[in-house]
Amino acid sequence: QNITIVLLMWWYQHPPVQMREMVTKTLQFLLICLVQFNLPKRLRPLLSYVSIPLIITSCVPQILANQVQRHTGTLAISTCVLKT
């Protein structure tokens with residue numbers, strides 16, 4: 001399902017996404033999958049901890065925009081921390 005969504009976004013993007021960028025992102029995704037599936041079993045639980053900084057940093061731009069607008073909108077610091 002996610003692959004279909006990405007492909008549709010690339011298809012309808014204006015200006016169109018360059019083929020080089022599509023290939024680069026696809027190869028990056030495949031590399032990440034390869035690394036994850038070949039991790040030793042003792043390191044696999046660490047994958048959940050790796051996502052915590054990614055989740056928090058993905059919320060930062062929206063939190064800053066909400067602070068400038070002086071309202072929490074649909075995202076506040078507390079809800080972002082609770083997602084982790």
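Residues numbered from 1 in each chain as written. Predicted model: local features only at pLDDT ≥ 70, side-chain atom pairs only at ≥ 80, totals over all residues. Heavy atoms only, no water.

(A) Representation of the overall build of the protein. Each helix and strand in the protein was counted, giving four helices and zero strands. Helices (α) and strands (β) of the protein occur, in sequence order from the N terminus, as α-α-α-α. Taken over the C-alpha trace, the protein has a radius of gyration of 17 Å; the compact-globule value for 84 residues is 12 Å, which it surpasses by more than 25%. The principal-axis extent of the C-alpha atoms belonging to the protein is close to 45 × 40 × 20 Å. (Helix = DSSP H or I, 4+ residues; strand = E, 2+ residues; numbered from the N terminus. Rg over C-alpha atoms; globule rule 2.2 N^0.38 Å.)

(B) The arrangement of a nonpolar patch on the surface in detail. Taken together, the side chains of Met-19, Val-23, Leu-27, Phe-29 and Leu-30 make up a nonpolar region of the molecular surface, amounting to roughly 520 Å² of accessible area. Within the secondary structure layout, Phe-29 lies in helix H2 (residues 19–37). (Patch = residues over 30% accessible without salt bridge, like charges linked within 9 Å, V, L, I, M, F, W, Y side chains within 5 Å. Areas by Shrake-Rupley, 256 points an atom, 1.4 Å probe, with all protein chains shown as cover. Salt bridge = Lys/Arg side-chain N within 4 Å of Asp/Glu carboxyl O.)

(C) Geometry of unusual backbone geometry. Residue His-14 is joined to Pro-15 through a cis peptide bond whose omega torsion reads 0 degrees. Residue position: Pro-15 is located in the loop between helix H1 (2–12) and H2.

(D) Examining the confidence of the model for the protein more closely. For the protein, per-residue confidence averages 84 on the pLDDT scale, and residues scoring 70 or more make up 90% of the total. The lowest-confidence element of the protein is helix H4 (residues 77–83), averaging 70 in pLDDT; the highest-confidence one is H2, averaging 92. (pLDDT = per-residue confidence, 0-100.)

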